[in-house]
Amino acid sequence: MDEKKVVTPVQPYLRLDAEDYKEILNKRMGISSFYEFQVKDQTQNSFKAVPDGSTDLVFGIGEKDVKVLIGGTVLRAKNWDFDDGRYYFGARFLPGRCILPKDLSIQDVVNNDVEIDLNDYGTGLTDRIAEAEDVEQRAQILMSYLSENQKGSCRDGAHTLEEYMRQRIYATKGNITIGMLSRETGYSECYIRRIFKQIHGISPKEFERFIRFQAFLNEITAAPGEADSEETALNCGYYDQSHMLKDFRAFAGTTPEKYKKRICDGSDRRAAHTTINKQKENTHGIIKN
């Protein structure tokens, strides 16, 4: 297989609309990024989420309490609601790499936000997250707890097979059939569908659509005034422009042209946000801008 590719999920509306948004890009512990923002009034407490194939672990820090939520990928553009008056710290896991509490399955969180017990990832974690000074300190604390959570775990044959399928989906820009994966791996189509859904909570076909969408979204976000939608769609694995438009409307909740205008109009706000890139290795795929 070619060198492994890493695809960093993109949630552009959160970055565009959230107050005091900060982000750390980080390829450790199966996490793509850490982020923080505030919700100061009721006009800012709902952001649009887009399909990304990933899972978010979010801590909502209020004056009197802390809420801990886990949300899986949405299946189409959907409102992502937060409580007024809270400060939020989140970790976005890479596709297929999320670490869930023992009593929770990936199917439970797909297209859903589930509030979990404060101690599900370790006693004292929530208090330490709430008391930390900044997003970098919170990121270090969470990684330490996740490392403890992973002790004693080992990769089995199912995860090895899933990683192979995911890498092939990345390499083919979401254009590999289940039949081809079956022939390459020697496993039946039914078995590889079951393994993939067991780990991702969605089918390989849905994941392929999300990967094409995310690739296209990243390209036009990076250069909204320059990217030609039709040419970019073909480069990102779509058969033609109509194929891309159908998915984009469903997954972004708007058209590419309206989205590019939204990006251009919000450029001053985005410039005020902070992105800290902790990524040292040379990776391939989609990186937030």
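So, how was this worked out
- Residues numbered from 1 in each chain as written.
- Predicted model: local features only at pLDDT ≥ 70, side-chain atom pairs only at ≥ 80, totals over all residues.
- Heavy atoms only, no water.
- pLDDT = per-residue confidence, 0-100.
- Contact = heavy atoms within 4.5 Å.
- Salt bridge = Lys/Arg side-chain N within 4 Å of Asp/Glu carboxyl O.
- Buried < 20%, exposed > 50% of the residue type's maximum accessible area, 1.4 Å probe, protein only.
- Phe/Tyr/Trp six-rings, centres within 6.5 Å; stacked < 30°, edge-to-face > 60°.
- Helix = DSSP H or I, 4+ residues; strand = E, 2+ residues; numbered from the N terminus.
- Lys NZ or Arg CZ within 6 Å of the ring centre and 35° of its normal.

Another aspect to go through is the confidence of the model for the protein chain. Per-residue confidence for the protein chain gives a mean pLDDT of 87; residues scoring 70 or more make up 87%. Long-range and interchain partners of residues 279-289, a stretch whose pLDDT sits below 50, account for 35 contacts in this model, where long-range means more than four residues apart.

Turning our eyes to something else, we now look at the pattern of salt bridges. Under the definition given, this model contains 13 salt bridges. The partner of arginine 15 in a salt bridge is glutamate 23, and the shortest N-O contact between them spans 3.4 Å. On the basis of relative accessibility, which here comes to 11%, the residue arginine 15 falls in the buried class. Beyond isolated ion pairs, a larger network of salt bridges with shared partners links Asp65, Lys67, Asp83 and Arg86.

Applying the stated criterion across every chain yields a total of 20 aromatic pairs. A centroid spacing of 6.1 Å and a plane angle of 35° characterise the contact between phenylalanine 59 and phenylalanine 89, whose relative ring orientation is tilted. Taken together, the residues span a long stretch of sequence, with phenylalanine 59 in strand β4 (residues 55-61) and phenylalanine 89 in strand β7 (residues 87-93) at a distance of 30 residues. Phenylalanine 89 sits in the buried class, given a relative accessible area of 0%. Judged by centre distance (5.3 Å) and plane angle (85°), the rings of phenylalanine 210 and phenylalanine 251 are edge-to-face. Note that phenylalanine 210 is positioned in helix α8 (residues 204-222) and phenylalanine 251 in helix α10 (residues 241-252), a separation of 41 residues in sequence. Each member of the pair, phenylalanine 210 together with phenylalanine 251, is buried. Ring-pair connections join several aromatic residues into one group, and the members of that group are Tyr13, Phe210, Phe213, Phe216, Tyr238, Phe248, Phe251 and Tyr259. Here lysine 48 stacks its cationic end above the ring of tyrosine 13, 5.3 Å away from the centre of that ring. Above the face of the tyrosine 238 ring, arginine 212 is positioned so that its terminal group lies 5.8 Å from the ring centre.

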